[in-house]
Amino acid sequence: MSLRSPLSEARGLGAAKEGTHHWFIQRISAVAMAPLMLWLLFSLAALAGSDYVAVRGWVASPLNTALLLVLIATLFHHALLGTQVVIEDYVASEGKKMAALIATRFVLIVAAVLGIVAILKISLGA
(Lines give C-alpha, C1' and ligand atoms only; values in the text may rest on other atoms or scores of the structure.)
Protein backbone atom coordinates (compact mmCIF):
# COMPACT_ATOMS: atom_id res chain seq x y z
CA MET A 1 0.00 0.00 0.00
CA SER A 2 1.41 3.35 -1.03
CA LEU A 3 1.14 6.54 1.00
CA ARG A 4 1.35 8.65 -2.14
CA SER A 5 -1.74 10.07 -3.76
CA PRO A 6 -2.80 8.72 -7.17
CA LEU A 7 -2.05 12.15 -8.68
CA SER A 8 1.48 12.11 -7.27
CA GLU A 9 2.03 8.62 -8.65
CA ALA A 10 0.70 9.64 -12.06
CA ARG A 11 3.01 12.64 -12.19
CA GLY A 12 5.97 10.47 -11.16
CA LEU A 13 7.15 12.88 -8.50
CA GLY A 14 9.56 11.35 -6.03
CA ALA A 15 10.97 12.74 -2.81
CA ALA A 16 13.12 15.34 -4.60
CA LYS A 17 10.39 16.15 -7.15
CA GLU A 18 13.00 16.07 -9.94
CA GLY A 19 13.47 12.42 -10.89
CA THR A 20 11.16 12.40 -13.87
CA HIS A 21 12.44 15.72 -15.17
CA HIS A 22 16.05 14.52 -15.04
CA TRP A 23 15.11 11.27 -16.79
CA PHE A 24 13.04 13.10 -19.42
CA ILE A 25 15.76 15.66 -20.22
CA GLN A 26 18.34 12.89 -20.56
CA ARG A 27 16.08 11.08 -23.04
CA ILE A 28 15.41 14.30 -24.98
CA SER A 29 19.15 15.00 -25.25
CA ALA A 30 19.74 11.43 -26.46
CA VAL A 31 17.06 11.79 -29.12
CA ALA A 32 18.50 15.15 -30.19
CA MET A 33 22.00 13.70 -30.45
CA ALA A 34 21.00 10.81 -32.72
CA PRO A 35 20.46 12.88 -35.90
CA LEU A 36 23.28 15.25 -34.96
CA MET A 37 25.75 12.37 -34.63
CA LEU A 38 24.57 10.82 -37.90
CA TRP A 39 25.01 14.19 -39.60
CA LEU A 40 28.52 14.51 -38.14
CA LEU A 41 29.53 10.97 -39.15
CA PHE A 42 28.29 11.39 -42.72
CA SER A 43 29.92 14.81 -42.95
CA LEU A 44 33.25 13.56 -41.67
CA ALA A 45 33.09 10.60 -44.04
CA ALA A 46 32.48 13.01 -46.92
CA LEU A 47 35.43 15.11 -45.76
CA ALA A 48 37.80 12.12 -45.57
CA GLY A 49 40.97 12.92 -47.43
CA SER A 50 40.21 16.64 -47.56
CA ASP A 51 42.89 19.15 -46.71
CA TYR A 52 42.84 21.58 -43.79
CA VAL A 53 41.44 24.45 -45.86
CA ALA A 54 38.46 22.37 -47.02
CA VAL A 55 37.65 21.21 -43.49
CA ARG A 56 38.04 24.73 -42.16
CA GLY A 57 35.68 25.98 -44.86
CA TRP A 58 33.18 23.27 -43.92
CA VAL A 59 33.28 24.27 -40.25
CA ALA A 60 32.97 27.95 -41.21
CA SER A 61 29.67 27.32 -42.98
CA PRO A 62 26.95 28.92 -40.80
CA LEU A 63 24.77 25.80 -40.77
CA ASN A 64 27.67 23.51 -39.88
CA THR A 65 28.88 25.91 -37.18
CA ALA A 66 25.42 26.07 -35.61
CA LEU A 67 24.96 22.29 -35.73
CA LEU A 68 28.40 21.69 -34.24
CA LEU A 69 27.66 24.10 -31.40
CA VAL A 70 24.31 22.44 -30.70
CA LEU A 71 26.00 19.02 -30.80
CA ILE A 72 28.70 20.06 -28.33
CA ALA A 73 26.16 21.59 -25.93
CA THR A 74 23.83 18.60 -26.15
CA LEU A 75 26.61 16.04 -25.90
CA PHE A 76 28.15 17.52 -22.78
CA HIS A 77 24.79 18.16 -21.12
CA HIS A 78 23.83 14.53 -21.76
CA ALA A 79 27.19 13.37 -20.38
CA LEU A 80 26.71 15.53 -17.30
CA LEU A 81 23.27 14.06 -16.62
CA GLY A 82 24.49 10.50 -17.16
CA THR A 83 27.57 10.77 -14.97
CA GLN A 84 25.52 12.47 -12.26
CA VAL A 85 23.17 9.50 -12.11
CA VAL A 86 26.05 7.01 -11.99
CA ILE A 87 27.80 8.94 -9.21
CA GLU A 88 24.61 9.37 -7.18
CA ASP A 89 23.80 5.67 -7.51
CA TYR A 90 27.22 4.12 -6.87
CA VAL A 91 29.18 6.44 -4.56
CA ALA A 92 28.14 5.75 -0.98
CA SER A 93 30.04 8.42 0.94
CA GLU A 94 28.30 11.82 0.84
CA GLY A 95 31.61 13.69 0.85
CA LYS A 96 33.07 11.65 -2.00
CA LYS A 97 29.79 11.90 -3.87
CA MET A 98 29.74 15.69 -3.63
CA ALA A 99 33.42 15.95 -4.61
CA ALA A 100 32.90 13.66 -7.59
CA LEU A 101 29.81 15.60 -8.72
CA ILE A 102 31.62 18.93 -8.49
CA ALA A 103 34.75 17.61 -10.23
CA THR A 104 32.73 15.98 -13.00
CA ARG A 105 30.64 19.09 -13.57
CA PHE A 106 33.78 21.26 -13.67
CA VAL A 107 35.63 19.01 -16.13
CA LEU A 108 32.63 18.62 -18.45
CA ILE A 109 31.83 22.34 -18.47
CA VAL A 110 35.47 23.24 -19.19
CA ALA A 111 35.60 20.67 -21.99
CA ALA A 112 32.35 21.98 -23.50
CA VAL A 113 33.57 25.57 -23.36
CA LEU A 114 36.87 24.59 -24.98
CA GLY A 115 34.99 22.80 -27.76
CA ILE A 116 32.67 25.76 -28.33
CA VAL A 117 35.58 28.22 -28.38
CA ALA A 118 37.50 26.02 -30.84
CA ILE A 119 34.51 25.81 -33.19
CA LEU A 120 33.91 29.55 -33.01
CA LYS A 121 37.60 30.29 -33.52
CA ILE A 122 37.69 28.15 -36.67
CA SER A 123 34.36 29.47 -37.87
CA LEU A 124 35.25 33.12 -37.40
CA GLY A 125 38.71 32.66 -38.89
CA ALA A 126 40.69 33.82 -35.89
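Structure's up top.
Residues numbered from 1 in each chain as written. Predicted model: local features only at pLDDT ≥ 70, side-chain atom pairs only at ≥ 80, totals over all residues. Heavy atoms only, no water.

### Re helix α2 (residues 19–46)
Next up, step 1: Look at α2: 41 Å from first C-alpha to last across 28 residues, which is about the 40 Å you get at 1.5 Å a residue.
Next up, step 2: Taking the largest bend as the criterion, α2 deviates by roughly 25°, centred on M33, and proline P35 comes between one and four positions later.
Next up, step 3: All buried positions along α2 are accounted for by H22, Q26, S29, M33, L36, W39, L40 and S43.
Next up, step 4: Buried-residue contacts for α2 involve α3 (52–60) and α4 (62–90). (Helix = DSSP H or I, 4+ residues; strand = E, 2+ residues; numbered from the N terminus. Expected span 1.5 Å × (residues − 1). Bend = angle between axes of the 7 residues up to and from the residue. Buried < 20%, exposed > 50% of the residue type's maximum accessible area, 1.4 Å probe, protein only. Contact = heavy atoms within 4.5 Å.)

### Considering helix α5 (residues 94–124)
Next up, step 1: The first and last C-alpha atoms of α5 sit 44 Å apart over 31 residues, in line with the 45 Å expected at 1.5 Å per residue.
Next up, step 2: Every buried residue of α5 is accounted for by K97, L101, L108, A112, G115, I119 and S123.
Next up, step 3: The inward-facing, buried residues of α5 contact α3 and α4.
Next up, step 4: A positive backbone phi angle near 75° is found at G125, which sits one or two residues after α5.

### Topic: the packing of α4 against α5
Next up, step 1: Contact geometry for α4 and α5: axes closest at 10 Å, N-to-C directions at 170°. Taken as axis vectors, α4 and α5 run roughly antiparallel relative to one another. Across from T65, L68, L69, I72, F76, A79, L80, T83, Q84, I87 and E88 in α4, the residues of α5 making contact are K97, A100, L101, T104, R105, L108, A111, A112, I116, I119, L120 and S123. (Axes fitted to C-alpha atoms, helices over the stretch in contact; angles between N-to-C directions. Parallel < 35°, antiparallel > 145°, perpendicular 65-115°, else oblique.)

### Things to note about the nonpolar core
Next up, step 1: Ranked by internal contacts, the top residues of the largest apolar core, which has 15 residues, are L40, W58 and L68.
Next up, step 2: For this core, the secondary-structure elements that each account for two or more residues are α2, α3, α4 and α5.
Next up, step 3: When neighbours within four sequence positions are excluded, L68 is seen to be in contact with W39, L40, W58, V59 and I119. (Core = buried A, V, L, I, M, F, W, Y, C linked by side-chain atoms within 4.5 Å.)

### Some words on the side chain of T65
Next up, step 1: Structurally, T65 is set in helix α4.
Next up, step 2: Apart from the residues within four sequence positions on either side, T65 is in contact with V59, A60, I119 and S123.

### A look at a nonpolar patch on the surface
Next up, step 1: Together, F106, V107, V110 and L114 line one region of the surface with nonpolar side chains, adding up to about 400 Å² of accessible area.
Next up, step 2: In this structure, F106 sits in helix α5. (Patch = residues over 30% accessible without salt bridge, like charges linked within 9 Å, V, L, I, M, F, W, Y side chains within 5 Å. Areas by Shrake-Rupley, 256 points an atom, 1.4 Å probe, with all protein chains shown as cover. Salt bridge = Lys/Arg side-chain N within 4 Å of Asp/Glu carboxyl O.)

### Overview of the packing of α3 against α5
Next up, step 1: It is the contact of α3 with α5, at a shortest axis distance of 8 Å, that shows an interaxial angle of 105°. By the angle between their axes, α3 is roughly perpendicular relative to α5. Of the residues in α5, those touching α3 at R56, V59 and A60 are I119, I122 and S123.
Next up, step 2: The class makeup of the residues in the contact of α3 with α5 is 4 nonpolar, 1 polar and 1 charged. (Nonpolar A, V, L, I, M, F, W, Y, C, P; charged D, E, K, R; others polar.)

### Considering the packing of aromatic side chains
Next up, step 1: If you walk through the whole model with that rule in mind, you get 1 aromatic pair.
Next up, step 2: The interplanar angle of 25° and the centroid separation of 5.5 Å between the aromatic rings of W39 and W58 together place this pair among those described as stacked. A residue pair is termed long-range when its members are at least 10 positions apart, and W39 in helix α2 and W58 in helix α3 qualify at 19 residues. In this pair, the class of W39 matches that of W58, namely buried. (Phe/Tyr/Trp six-rings, centres within 6.5 Å; stacked < 30°, edge-to-face > 60°.)

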